[in-house]
Amino acid sequence: MSRHILLLSQPAAPGDDFAEHPVVPVRQYLTGPWHDQPGLRVINLCRDISYHSAGYYASLLAEARGHRVIPSVRTLQDLSRRAIYAADLDDLEDDLDEALAAHAGAKAIAAEGDGAAGIADTVVFHLFFGEVAEAEFEALGGLGRSLFESFPVPILRVELRRREKKGWEFQALRPSGLRVLPVEMRPDFFEALKRFLGRARTEPQANRPARWDLAILHDPDEALPPSDRGALDAFISAAGRAGIDAELITRRDLPRLSEYDALFIRETTSVSHHTWRFARRAAAEGLVVIDDPDSILRCTNKIFLAELLTREKVPIPASVVIGRDDLDRAEEALGFPMVLKVPDGAFSLGVFKVKDRDQFEAKAKELFAKSELLLAQAYTPTEFDWRVGVLNGEPLFVCRYHMSRGHWQIINHAGQGAPAEGAVDTIPIDEAPANVVETAVRAASLIGDGLYGVDLKQTADGVFVIEVNDNPNIDAGYEDAVLGEGLYDRVIGEFLRRLEEY
């Protein structure tokens, strides 16, 4: 089979010539057996690639399957809001006036004064894999290549706007699908695709920091923060012992992020949240960052994790990724009761047990209103879940998280008032079952080299990974019960090691 495929959400339009390019319907890719083709290049041309759409999940699952996908989920998130990508355009915006002055007829476009003939207040053009599609804007080729290095997408619509007496600015960057393009532009797209498949992909370089100041992002009003105030104070004290100045910051401090050398996110993360913007900005500016953007992307989506762990043969409960038409398949594979999960829930939110077909249909209908895909898993009851903290590939702590009293999860959100949590036991790593620790470390290593909390269930049939969390709980008196301040020293020591490597 060819080493690349094109994903489409709709059948090819009349006149499209896919003779040299294998086309796969996106839903076939989402549910088909693709784990045995690592390294496959996937060109996602779906019309809708918004969050939770089929196109979005195609890029997400491609990464889980070891495929080289364009656009990546990280790029889709970067382009989802102007507030996210605008920071990456500052340097390019400085060159806009010069670039526009160079293209044919731009003297009229760039002329000053509202009364000049031929002036346009907006310019719109397309990039095909970084190549300018419209011949009249050929002189903007350098700008197009720079944009592609920052935002690698097959088709990018670029909108520029002329400001009064302030030159030109980027108004919007919008990923586009093949079906949105005018028919006359499609042959040029396929030519650009052919050239793209024959050249190597390049990655942008990050700047390196020069000082050692650590920002700890937290939300003082968060109901279930990953670290309480006692733990935050302990991190600050550990940083002081390591010669690092640490400061608590909040979401309002994003403009100040470049003042620091490292970022430690101690707030519940999500790709549709300011924590993602902090991680993305920190990585782009060369800060040492935990949680890094890739870890957030990989850990906050349960479907990605299920696909990744399945591919790498890490044991998980029997699982089925389902769309709206797959309820029979899930029931046949898993039976009842079963567990339904929305892709991006946290702290036991978005996880539901259904006991029969009626509950299954009702809950699935409710959840499909929010997500194109759901994860169904076999119900695996245990008295407690193991949690293994892993830092840079090494176990950091081991806990038993007991189920909330009278409930099947460790946190019960169904009662009145604050969520009810089960008891927590922290034990020395060498006293924990070796297969639990080894499985956790293996699962975390598939995500990256950051700080993770791996949740596992131990049954008569073996040890199963439930999920890998990119932002694990570290609270005073709980996860630190064995190591004490040594736990905080180890985490800060990892920041110090990375800073010294820079």
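How each quantity is defined
- Residues numbered from 1 in each chain as written.
- Predicted model: local features only at pLDDT ≥ 70, side-chain atom pairs only at ≥ 80, totals over all residues.
- Heavy atoms only, no water.
- pLDDT = per-residue confidence, 0-100.
- Helix = DSSP H or I, 4+ residues; strand = E, 2+ residues; numbered from the N terminus.
- Contact = heavy atoms within 4.5 Å.
- Salt bridge = Lys/Arg side-chain N within 4 Å of Asp/Glu carboxyl O.
- Buried < 20%, exposed > 50% of the residue type's maximum accessible area, 1.4 Å probe, protein only.
- Pairing = 2+ DSSP bridges.
- Axes fitted to C-alpha atoms, helices over the stretch in contact; angles between N-to-C directions.
- Expected span 1.5 Å × (residues − 1).
- Arc of directions from axis to C-beta.
- Parallel < 35°, antiparallel > 145°, perpendicular 65-115°, else oblique.
- Left-handed = near helix turned anticlockwise from the far one by under 90°.

1. Remarks on the confidence of the model for the protein
Looking at the protein, the pLDDT average stands at 85 and 86% of residues meet or exceed 70. For the protein, the element scoring lowest by mean pLDDT is helix 7 (residues 106-110), at 45; helix 16 (residues 434-445) scores highest, at 98. With pLDDT under 50 throughout, residues 200-210 is counted as low confidence; its partners more than four residues away or in other chains account for 15 contacts.

2. Description of the pattern of salt bridges
Following the criterion strictly, the structure yields 31 salt bridges and no others. Notably, a salt bridge pairs E131 with R195, separated by 2.6 Å at the nearest N-O pair. Of this pair, E131 sits in strand 6 (residues 131-132) while R195 sits in helix 9 (residues 186-197), and the two are 64 residues apart along the sequence. A salt bridge links R357 to E361, with the nearest nitrogen and oxygen atoms 2.8 Å apart. Placement of the pair is R357 and E361 together in helix 15 (residues 357-368), with a separation of four residues, close to one helical turn. Under the relative-accessibility criterion, R357 is labelled partly exposed at 23%. Accessibility expressed as a relative area gives 37% for E361, which makes it partly exposed. Here the salt bridges share partners, and the residues they tie into one network are D449, E494, R497, R498 and E501.

3. So, the pairing of strand 22 (residues 451-459)
In regular strands, side chains alternate between the two faces of the sheet. For strand 22, the tally of buried residues reaches seven of nine residues, placing the bulk of the element in the interior. Judged from the six bridges that link them, strand 17 (residues 384-391) and strand 22 form a sheet pairing that is antiparallel. Across the sheet, G389 pairs through a bridge with G453, a residue of strand 22. Linkage of strand 22 to strand 23 (residues 462-469), two consecutive antiparallel strands, is achieved through a turn of two residues.

4. Section: the sheet that holds strand 13 (residues 319-322)
If you walk across this open sheet you meet the four strands as 13-16-14-15, and the pairing is antiparallel. Each edge of the open sheet carries a strand with a single partner, namely strand 13 and strand 15 (351-354). Between one strand axis and the next, the sheet turns by 25 degrees as a mean value, whatever way the strands run. Bridge count between strand 14 (residues 338-341) and strand 15: four bridges; the pairing is antiparallel. Residue pairing across strands places V339 opposite K353, the latter belonging to strand 15. Across the sheet, helix 13 (residues 302-311) lies against strand 13, strand 14, strand 15 and strand 16 (374-378), angled at about 55 degrees from strand 16, the strand it touches most.

5. Section: helix 9
Every α-helical turn comprises 3.6 residues, leaving residues that sit three or four positions apart pointing alike. Here helix 9 contains twelve residues, and its C-alpha end-to-end distance of 17 Å stays within 8% of the 16 Å for a straight helix at 1.5 Å per residue. Of all the positions in helix 9, only R186, F189, F190, A192, L193 and F196 are classed as buried. Seen end-on, helix 9 carries its buried residues on one side only, within an arc spanning 160 degrees.

6. Observations concerning the packing of helix 10 (residues 229-241) against helix 17 (residues 485-501)
For the pair helix 10 and helix 17, the least separation of the axes is 9 Å and the interaxial angle reads 60 degrees. In terms of orientation, helix 10 lies oblique with respect to helix 17. In this structure, helix 10 meets helix 17 at a crossing whose hand is right-handed. Facing helix 10, whose interface residues are A231, A234, F235, A238, A239 and R241, helix 17 presents E485, Y488, D489, V491 and I492.

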